[in-house]
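This is what each chain is made of:
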Amino acid sequence: MDTNNASAALRELARQVADKARECRKIAVLTGAGVSAESGIPTFREAQTGLWERYDPVMLASVDGFRADPANVWKWYDERRQTMSKSRPNPGHEALATWEKLVKGQGGAFTVITQNIDNLHRQAGSESIIEMHGNIWYVRPVDAPFNEAFLLDECPLVEIPPRDERGRMLRPHVVWFGEMLDPDNLEAAFSLAVQAELFLSIGTSTAVYPAAALPFEAKRRGAVVVEINPHETELTRFADFSLAAPSGVALPLILDQLRADGA
Ligand code: OAD
């Protein structure tokens, strides 16, 4: 599906979302791996193609897995970094970046809270971003606090596992299973969810907490909730609008409606 052959029903939903969005000055967006699927980056839980269908997340995305075999985990992240280095933002990322500028130009607030670690929102031009699960291009010394993270974007990695100038082993600056999220990010994300007038949940299976709680919290506090996902999730029945379409199609349709009326 692309925007040219989008169904009349999807176009109508996009128009309704745009009409609602026009009244809102506080907009927050939760994104998941589905937003990057059209950039060629595998999601996690989709049958056959999802990362967790082919790899054991406990071995590769957990503290125990890393402590047991840091080189193996780093080989896997280096492979993902190489995939991501070839990926570019898709029309969905670009529409969110443009929408942010539109809303901010009218004195509003627009933030992307992403579970993705691929940096594509930033590459697309989004500026207000909360990276709930970290960023694959950043590293930090094992056991160091979040604020010691720094950019290490050599690709492929020269040394596996990489070490800093003091010889300390480095780990990916990403959240692993069972790990706490950066409390500052968590606080900021929930604060945005409770204040949002419009909350969009895009390309996420709504399976991993605490990020998955955000749209429900926004709904509870009175936000209009929009879901964009080709498949149903736990959120679908609670959403005010549910666009069953790829984000790279649905988001440009919404943006076209917003701009059509000189919003
Ligand atoms: P999942 O793989 O769990 O879900 C991806 C969602 O995107 C699914 O619901 C798909 O239906 C949907 N989808 C696929 N293609 C899409 C498209 N073109 N447009 C819109 N939606 C599309 O990925 P996440 O929900 O992001 O955590 O997973 C959440 C977290 O679980 C990840 O951040 C990661 C993983 O373990 C950590 O790394 C801590």
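Below, the structure is looked at part by part. None of these values were measured; they are calculated from a predicted model. Position labels on residues start from 1 in each chain and follow its written sequence. Thresholds applied to this predicted model are a pLDDT of at least 70 for local features of residues and 80 or more for the giving and counting of side-chain atom pairs; totals over whole chains, interfaces and linings are not thresholded and use all residues. Working from all heavy atoms in the structure, the side-chain values ignore hydrogens and water.

### Looking at helix α11 (residues 247-260)
Where we set the bar: Think of it this way: any DSSP run of H or I at least four residues long counts as a helix, any run of E at least two long counts as a strand, and we number them from the N terminus. How far a helix is expected to stretch is found by multiplying one less than its residue total by 1.5 Å. Classification of residues uses two cut-offs on accessible area relative to the type maximum, computed with a 1.4 Å probe and protein chains only: under 20% is buried, over 50% is exposed, and between them is partly exposed. Pairs of residues are marked as contacts when any of their non-hydrogen atoms sit within 4.5 Å.
Between its terminal C-alpha atoms α11 stretches 19 Å, which fits the 20 Å expected from 14 residues at 1.5 Å a residue. Counting buried residues in α11 gives ten out of 14 residues, a clear majority hidden from the surface. Next to the buried residues of α11 lie α1 (8-22), α2 (34-37), α7 (91-105), β7 (198-202), β8 (224-228) and β9 (241-243).

### Examining the site of the ligand
Applied cut-off: What makes a residue near a molecule or strand is one non-hydrogen atom of that residue sitting within 4 Å of it. For the purposes of these results, a polar contact is taken to be a pair of N or O atoms within 3.5 Å, where, inside protein, one atom must be able to donate a hydrogen and its partner to accept one; residues adjacent in sequence count only when each atom of the pair is a side-chain atom. The accessible surface values rely on the Shrake-Rupley method and a 1.4 Å probe; as for residues, cover is taken only from the protein chains in view. Lining residues are defined by having an atom within 4 Å of a point belonging to a cavity or pocket. Those points lie on a 1 Å grid over the protein atoms alone, cavities being sets where a 1.4 Å probe fits but cannot get out and pockets being open sets with protein on both sides within 12 Å along at least five of seven lines. Each molecule is checked against the cavity or pocket grid, and it sits inside if more than half of its atoms lie within 2 Å of the grid points. Side-chain classes follow a simple rule in which Ala, Val, Leu, Ile, Met, Phe, Trp, Tyr, Cys and Pro form the nonpolar group, Asp, Glu, Lys and Arg form the charged group, and the remainder, Gly included, forms the polar group.
Near the ligand, the surroundings consist of 23 residues, among which Phe44, Arg45, Thr204, Ser205 and Asn229 are the closest. Contact between the ligand and Arg45: an oxygen atom at 2.7 Å from a side-chain N or O atom of the residue. Thr204 is positioned such that a nitrogen or oxygen atom in its side chain is 2.7 Å from an oxygen atom of the ligand. Considering the ligand on its own, with 800 Å² of exposed area, one finds that the protein chains cover 92% of that surface. A molecule is said to occupy a pocket when more than half its atoms come within 2 Å of that pocket's grid points, and by this definition the ligand occupies the largest pocket. Looking at the shell around the ligand residue by residue, the classes come out as nine nonpolar, eleven polar and three charged.

### Quick look at unusual backbone geometry
The phi torsion of most residues other than glycine is negative, and most of the peptide bonds are trans. Following Cys155, the chain continues to Pro156 via a peptide bond in cis, the omega torsion being 0°. Note that the residue after Tyr209, namely Pro210, is joined by a cis bond; omega there is 5°. With respect to the element layout, Pro210 can be found in the loop between β7 and α10 (213-220). Phi angles above zero are rare outside glycine, and Asn119 is one such case at about 70°. Following the sequence through the fold, Asn119 ends up in the loop between β2 (109-114) and α8 (120-124). Classification of Asn119 by relative accessible area gives buried; the value is 17%. Of note in the backbone geometry, Thr206 takes a positive phi value of approximately 55° without being a glycine. Note on placement: Thr206 falls in the loop between β7 and α10. Residue class for Thr206 comes out buried when judged on its relative accessible area of 4%.

### Some words on the nonpolar core
Selection criterion: Buried Ala, Val, Leu, Ile, Met, Phe, Trp, Tyr and Cys residues that are joined via side-chain atoms within 4.5 Å together make up what is termed a nonpolar core.
One finds Ile27, Trp99, Leu198, Leu243 and Ile254 to be the most contacted residues of the largest nonpolar core, which totals 32 residues. For this core, the secondary structure elements donating two or more residues are α1, β1 (26-31), α7, β2, β7, β8, β9 and α11. By residue number, the principal contributor to this core is α11, which donates seven residues. Sequence-distant contacts of Leu198, that is, excluding residues within four places in its chain, are made with Lys20, Ala21, Cys24, Lys26, Ile27, Ala28, Trp99, Ala223, Val224 and Val226.

### Considerations on the layout of surface pockets
Condition: Grid points are joined across faces, edges and corners, and a volume is the space filled by probe spheres set on the points.
Empty space within the largest pocket amounts to approximately 880 Å³. What lines the largest pocket is a set of 46 residues, among which Gly32, Ala33, Phe44, Arg45 and Ser205 lie closest to the centre. Those elements that place two or more of their residues in the lining of the largest pocket are α2, α3 (51-54) and α6 (70-85). Looking at the lining of the largest pocket residue by residue, the classes come out as 24 nonpolar, 15 polar and seven charged. Taken as a whole, the second largest pocket spans an internal volume of roughly 160 Å³. As for the second largest pocket, its lining consists of 13 residues, and the residues nearest its centre are Glu131, Gly134, His173, Asp182 and Asn185. Of all the secondary-structure elements, those providing two or more residues to the lining of the second largest pocket are β4 (134-141) and β6 (170-174). With three residues, the top contributor of residues to the lining of the second largest pocket is β4. When grouped by side-chain class, the residues that make up the lining of the second largest pocket number five nonpolar, five polar and three charged.

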